[in-house]
Amino acid sequence: MIKETRELSSVRHPGGPESGHRRAWKGICTGMRQALRLLLVAALLFVAPSAMAFDVGALQKLLQKEEQVQGQFSQARYLRGLPDPLRSSGDFNIVPGQSLLWHVRSPFEYKVRMDAEGLEHWADGRWQRDRQTGTGDRAQLAFFRDIIGGRFESLSQHFSMQLSGDEKRWQLHLTPSSVLMKQIFATIDITGDAYVRTVKIAEAQGDRMELEFSALSHGQ
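The rules behind these values
Residues numbered from 1 in each chain as written. Predicted model: local features only at pLDDT ≥ 70, side-chain atom pairs only at ≥ 80, totals over all residues. Heavy atoms only, no water. Helix = DSSP H or I, 4+ residues; strand = E, 2+ residues; numbered from the N terminus. Buried < 20%, exposed > 50% of the residue type's maximum accessible area, 1.4 Å probe, protein only. Contact = heavy atoms within 4.5 Å. Areas by Shrake-Rupley, 256 points an atom, 1.4 Å probe, with all protein chains shown as cover. Pairing = 2+ DSSP bridges. Axes fitted to C-alpha atoms, helices over the stretch in contact; angles between N-to-C directions. Phe/Tyr/Trp six-rings, centres within 6.5 Å; stacked < 30°, edge-to-face > 60°. Polar contact = N/O pair within 3.5 Å; in protein donor to acceptor, adjacent residues only side chain to side chain.

Per an unreviewed UniProt entry, the protein chain is named Outer membrane lipoprotein carrier protein LolA, and its organism is Lautropia mirabilis ATCC 51599.

A. Representation of the overall build of the protein chain in the model. Of regular secondary structure, the protein chain possesses five helices and 11 strands. A burial count over the protein chain gives 31% of its 220 residues as buried. In the protein chain, the proportion of contacts linking residues at least 24 apart, taken out of those at least 6 apart, comes to 43%. Entry remark: accessible area of the protein chain is about 14300 Å², with carbon and sulfur atoms responsible for 55%.

B. Seen up close, the sheet that holds strand β3 (residues 99-106). Reading across the sheet, the 11 strands line up as β6-β5-β4-β3-β2-β1-β11-β10-β9-β8-β7 and stay open at both edges, with antiparallel pairing between neighbours. Only two strands of the sheet have a single partner each, and these edge strands are β6 (126-129) and β7 (159-166). The average angle at which neighbouring strand axes cross in this sheet is 20 degrees, direction not considered. Together, β7, β8 (169-176) and β10 (196-203) form the strand contacts of helix α3 (residues 56-63), whose direction differs from that of β8 by roughly 115 degrees.

C. Quick look at the packing of aromatic side chains. Taken as a whole and judged by the stated rule, the model has five aromatic pairs. With a centroid separation of 5.5 Å and an interplanar angle of 80 degrees, the aromatic rings of Phe92 and Phe213 are classed as edge-to-face. Remark: Phe213 occurs in strand β11 (residues 208-218) and Phe92 occurs in strand β2 (residues 86-95); sequence separation between them is 121 residues. Residues Trp122 and Trp127 carry aromatic rings whose centres are separated by 5.3 Å and whose planes lie at 75 degrees to one another, so their mutual orientation is edge-to-face.

D. Structural view of the pairing of β2. In the sheet, strand β1 (residues 69-78) pairs with β2 via nine bridges, with the strands oriented antiparallel. Across the sheet, residue Gln70 finds its bridge partner in β2, namely Asn93. Across seven bridges, the pairing between β2 and β3 is antiparallel. By the bridge assignment for β3, Phe92 is matched with Trp102. In this antiparallel pair of consecutive strands, β2 and β3, the connection spans three residues, and Gly97 shows a positive phi of 75 degrees.

E. Region of interest: the side chain of Asn93. Relative to the elements of secondary structure, Asn93 occurs in strand β2. In this structure the side chain of Asn93 is engaged in a polar contact, spanning 3.5 Å, whose partner is the side chain of Gln70. The residues contacting Asn93, other than those within four sequence positions of it, are Gln68, Val69, Gln70, Ser99, Leu100 and Leu101.

Dropping the structure here:
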């Protein structure tokens with residue numbers, strides 16, 4: 001009889017202490033899940049809009065500078081039939097809306113300037129208007145001027161654009177859409193942050209060119 005009484009007293013009923021603990025734990029877990037949901041919603045509210053807002057228009061605003069932009073470049077050009085790339089380096093200067101100065105320093109020195117009137121090259125101690133530069137060369141210099149300076153209005157007329165990433169690290173893929181650009185370029189890939197850092201160009205005839213920009217600054 002005593003044994004039966006002990007066994008009966010050890011039985012836990014639904015309303016007993018263990019059931020109360022279970023309900024308490026369920027309440028805690030439910031509260032934690034609700035808190036996690038709130039944190040997730042808050043994260044989406046604060047993070048998602050800035051990521052979603054980074055489009056070509058935002059990239060253009062990021063790259064455009066009111067002052068002149070200057071820096072250094074290194075270029076590797078891969079030509080069909082040559083085992084090694086042709087390498088050159090130098091510096092450049094862009095005055096927004098006015099001109100681009102492209103100064104090759106190695107392996108030889110050569111300076112060319114592009115403004116609203118066309119191209120000039122430095123020879124015999126003075127700038128000389130270049131009347132013989134081909135359409136392709138002018139188009140490439142205009143491209144460098146516009147993309148480094150964040151001037152996408154003219155580029156959008158000749159290329160379709162696919163942008164990925166954010167303002168700290170982005171990549172822009174260009175595919176030519178106009179007849180002229182299709183004759184010159186196959187694809188163009190550009191990466192950067194607050195400045196353009198690399199440009200990789202696949203030309204229509206099979207050659208390739210890779211550019212890296214460094215020591216970039218503006219307003220000097």
